[in-house]
Amino acid sequence: MANPLYDGLFGIHAGKTTPFLRLLDGQVITHQDFLATSAQIANVTAQIGLKPGDRVAVQVEKSPDALALYAACAQAGLVFLPLNTAYTVDELSYFIENSGASLIVCDSKSEAQLGKVAKSLGAQVETMDADGRGTLMAQARVMPESFTTVDRQSDDLAAFLYTSGTTGRSKGAMLTQDNLLSNAQTLVTEWRFTSDDVLLHALPIFHTHGLFVATNVTLAAGSSMIFMPKFDLDQIVDRMPEATTMMGVPTFYTRLLGDARFNRDLAAHMRLFVSGSAPLLAETHSQFEERTGHRILERYGMTETNMNTSNPFDGERRAGTVGFPLPGVELKITNPDTGETLPDGDVGQIEVRGPNVFKGYWQMPEKTAAELREDGFFITGDLGKIDEDGYVHIVGRNKDLIISGGYNIYPKEIELVLDDQPGVLESAVIGVPHPDFGETVLGVIVAENGASPDTEAMMDVVRQSLARFKHPRKLVILDELPRNTMGKVQKNILREQYKAMFAS
Ligand code: MLC
Ligand code: AMP
């Protein structure tokens with residue numbers, strides 16, 4: 001028996017004294033040190049009574065210990081459930097309750113509030129701070145540095161990632177060991193990662209991009225990463241000369257282009273820049289090439305599927321496209337009404353099937369059935385086409401979704417909060433172009449007859465309920481929302497009307 005994920009990403013480095021994490025203070029954590037820490041954490045989870053298959057909900061700042069907790073969950077057969085540090089207690093309560101998490105690991109600062117939630121749901125709480133403090137590491141440090149890896153099958157659950165939905169209710173995407181491992185191994189080959197690579201890691205580690213792409217690829221290749229707490233231009237400029245690769249959302253690249261220090265010399269040592277999670281403007285692609293001589297490699301993925309397509313490492317990286325389906329991934333364009341496959345060149349919904357595709361939404365069989373067909377194809381909700389050379393283009397979305405700085409925001413979730421406010425008849429939340437974040441959130445309100453809603457008071461409620469990145473940057477009041485003959489709100493008209501509101 002074995003544990004494919006642990007063995008394939010972590011166990012392969014047992015005994016290696018090569019660098020894994022290069023920290024900003026100059027400290028280097030070797031693979032061996034990292035595995036020792038993760039084994040100590042795994043011992044704590046066993047001691048406090050966690051059993052394979054239990055969920056561990058984690059909302060902590062980015063740190064080497066936080067990554068070691070991920071490794072520990074893999075080794076102990078626990079399901080890792082990372083959560084955005086921006087989530088409010090309201091949002092977290094739902095995730096914890098819905099997942100039935102047995103353990104919550106949070107920052108000391110959140111302990112008082114989350115402790116209450118945990119108690120009411122029968123979960124245990126441990127704390128973990130970015131500076132190494134907290135109850136979890138205090139227990140871990142006196143534990144043995146080895147742990148007997150728990151047997152798991154490829155098809156066993158390894159992680160849950162919550163993704164909001166068009167109905168406003170978040171769904172726990174269940175990812176298996178093989179979903180994560182197979183995708184990482186494919187990307188290592190496709191992007192030519194080797195143990196010589198040094199990745200600039202400035203992404204958060206609670207989403208697919210920073211954890212299951214950047215970190216897992218680094219692990220599968222035996223490379224190392226310059227591990228930064230967050231995206232910071234000065235730090236990136238400072239450390240880029242030591243790196244060979246970088247992965248980021250488009251905002252990373254537009255911010256770099258906005259800084260004169262980012263030039264051909266600074267990027268000379270780099271062999272690869274990867275972009276994803278949101279559309280990279282063709283203009284950014286060409287400016288980047290002009291400035292540095294590098295063509296950004298754009299790829300396409302999502303929480304439920306990890307990575308689906310990638311531009312080629314060798315061959316033309318075509319701006320405005322997301323490249324070709326990865327080996328083992330089938331991709332087709334279908335008619336959204338009938339599900340029939342459309343000929344190349346036609347625009348339709350993108351469906352994907354492969355070892356990367358998740359197992360379904362936790363305890364939501366109806367939602368799973370609506371998006372994951374019986375034959376294994378997942379309906380992504382993205383609209384696209386395949387061109388005459390086989391490149392996949394994403395041309396829009398069949399789901400009401402805003403992507404701001406690489407974070408997904410489902411308007412319905414915000415509309416539900418706004419609609420509930422005094423004096424509000426209805427609302428429509430839309431994404432409008434934003435020079436830094438690509439898109440940002442605008443809330444359009446219709447008042448009840450004779451009422452004049454207090455937008456500041458409404459924003460207070462929004463702040464209380466929803467993570468900062470979901471907050472509307474502005475609320476505007478209209479007499480009525482544009483509707484089609486079927487009575488459906490025409491958000492495209494609103495998007496057109498307000499498209500210049502935040503343009504630079
Ligand atoms: C921060 N803010 C945001 C925001 N990030 N608001 C909207 N959208 C965002 N993405 C808020 C801050 O709280 C702050 O609020 C204000 O905006 C300005 O913040 P900032 O200092 O300019 O932002 P910064 O901290 O630098 O963060 C921006 C960012 C970050 C782009 C670096 O958002 C980021 O790292 N994004 C990456 C997201 C990601 O990993 N996505 C992958 C998902 S996986 P205030 O009130 O303080 O002013 C996926 C699958 C796939 O999609 O294919 O990869
Ligand atoms: P998430 O649910 O956070 O994983 O976000 C997945 C969504 O991000 C996809 O369904 C796409 O809409 C979008 N996305 C990811 N990569 C790209 C890309 N390269 N270009 C355009 N959209 C992308």
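Since we're looking at a predicted model, the values are computed, not measured. (Residues numbered from 1 in each chain as written. Chains lettered and ligands numbered in written order. Predicted model: local features only at pLDDT ≥ 70, side-chain atom pairs only at ≥ 80, totals over all residues. Heavy atoms only, no water.)

### Describing the overall build of the protein chain
- Looking only at helices and strands, the protein chain features 15 helices and 25 strands.
- Relative to the globule expectation of 23 Å for 504 residues, the C-alpha radius of gyration of the protein chain, 23 Å, shows essentially globular dimensions.
- Within the protein chain, buried positions represent 58% of all 504 residues.
- Look at the contacts in the protein chain between residues 6 or more apart in sequence, and 66% of them connect residues 24 or more apart.
- Split by element, the accessible area of the protein chain, about 20,400 Å² in all, is 49% carbon and sulfur.
- In the protein chain, 44 positive and 64 negative side-chain charges are present, and the distance between their average locations comes to 1 Å. (Helix = DSSP H or I, 4+ residues; strand = E, 2+ residues; numbered from the N terminus. Rg over C-alpha atoms; globule rule 2.2 N^0.38 Å. Buried < 20%, exposed > 50% of the residue type's maximum accessible area, 1.4 Å probe, protein only. Contact = heavy atoms within 4.5 Å. Areas by Shrake-Rupley, 256 points an atom, 1.4 Å probe, with all protein chains shown as cover. Lys, Arg positive; Asp, Glu negative; His and termini not counted. Charge placed at Lys NZ, Arg CZ, Asp CG, Glu CD.)

### A short note on the site of ligand 2
- If you check the shell around ligand 2, you find 16 residues, and the closest are Arg 299, Thr 303, Asp 382, Lys 399 and Asn 408.
- With respect to ligand 2, the backbone of Arg 299 contributes an N or O atom lying 2.7 Å from a nitrogen atom.
- In this structure, Lys 399 approaches ligand 2 through a side-chain N or O atom, which is 2.7 Å from an oxygen atom.
- Burial of ligand 2 by the protein amounts to 92% of the accessible area it has alone, namely 500 Å².
- Looking at the shell around ligand 2, the elements that each hand over two or more residues are β13 (297-302) and β20 (392-397). (Near = heavy atom within 4 Å. Polar contact = N/O pair within 3.5 Å; in protein donor to acceptor, adjacent residues only side chain to side chain.)

### Quick notes on the side chain of His 434
- By the element assignment, His 434 lies in strand β23 (residues 424-434).
- Here the side chain of His 434 touches Asp 436 through a polar contact of 3.1 Å, landing on its backbone nitrogen.
- The residues touching His 434, leaving out its near neighbours within four places in the chain, are Glu 439, Thr 440 and Phe 502.

### Description of the site of ligand 1
- Taken together, 24 residues form the shell around ligand 1, and within it Arg 255, Ser 277, Arg 299, Ser 404 and Arg 468 come nearest.
- With respect to ligand 1, the backbone of Gly 405 contributes an N or O atom lying 3.0 Å from a nitrogen atom.
- Here a nitrogen atom of ligand 1 and a side-chain polar atom of Arg 473 are 2.8 Å apart.
- When ligand 1 is considered free in solution it has 1,000 Å² of accessible area, and contact with the protein chains removes 75% of it.
- Looking at the shell around ligand 1, the elements with two or more residues in it are α8 (208-221), α10 (250-257) and β13.
- Residues belonging to the shell around ligand 1 are distributed by class as follows: 10 nonpolar, nine polar and five charged. (Nonpolar A, V, L, I, M, F, W, Y, C, P; charged D, E, K, R; others polar.)

### Considerations on the packing of helix α4 (residues 89-99) against helix α5 (residues 111-121)
- For the pair α4 and α5, interaxial distance at closest approach is 10 Å and the crossing angle is 30°. As the angle between them shows, α4 and α5 are arranged roughly parallel. When you trace α4 past α5, the crossing you get is right-handed. Only Gln 113, Leu 114, Val 117 and Leu 121 of α5 make contact with α4, whose side of the interface consists of Val 89, Leu 92, Ser 93, Ile 96 and Glu 97.
- Residues that form the contact of α4 with α5 fall into these classes: six nonpolar, two polar and one charged. (Axes fitted to C-alpha atoms, helices over the stretch in contact; angles between N-to-C directions. Parallel < 35°, antiparallel > 145°, perpendicular 65-115°, else oblique. Left-handed = near helix turned anticlockwise from the far one by under 90°.)

### What about the packing of aromatic side chains?
- Counting across every chain of the model gives 22 aromatic pairs.
- Aromatic side chains Tyr 253 and Phe 288 sit 5.5 Å apart centroid to centroid with 90° between the ring planes, which places their arrangement in the edge-to-face category. One end of the pair, Tyr 253, is in helix α10; the other, Phe 288, is in helix α11 (residues 282-292), with 35 residues separating them in the sequence. Like Tyr 253, the residue Phe 288 is buried in the burial classification.
- With a centroid separation of 4.3 Å and 45° between ring planes, the pair formed by Phe 324 and Tyr 391 is classed as tilted. Placement of Phe 324 in strand β15 (residues 324-325) and of Tyr 391 in the loop between β19 (378-386) and β20 is noted, with a sequence separation of 67 residues between them.
- Three or more aromatic residues link up through ring pairs in this structure, and these residues are Tyr 6, Phe 10, Phe 20, Phe 34, Tyr 70, Phe 80 and Phe 212.
- In this arrangement the basic side chain of Arg 271 is found over the ring face of Phe 193, its NZ or CZ atom lying 5.0 Å from the centre.
- Above the face of the Phe 313 ring, Arg 317 is positioned so that its terminal group lies 5.3 Å from the ring centre. (Phe/Tyr/Trp six-rings, centres within 6.5 Å; stacked < 30°, edge-to-face > 60°. Lys NZ or Arg CZ within 6 Å of the ring centre and 35° of its normal.)

### Observations regarding the environment of Val 79
- Of note, Val 79 is situated in strand β4 (residues 79-82).
- According to the relative accessible area criterion, Val 79 is buried, its value standing at 1%.
- Distance from Val 79 to Gly 53, taken between C-alpha atoms, is 5.8 Å for residues 26 residues apart in sequence.
- When residues no more than four places from it in sequence are discounted, the contact partners of Val 79 are Gly 53, Asp 54, Arg 55, Val 56, Leu 157, Ala 158, Ala 159 and Phe 160.

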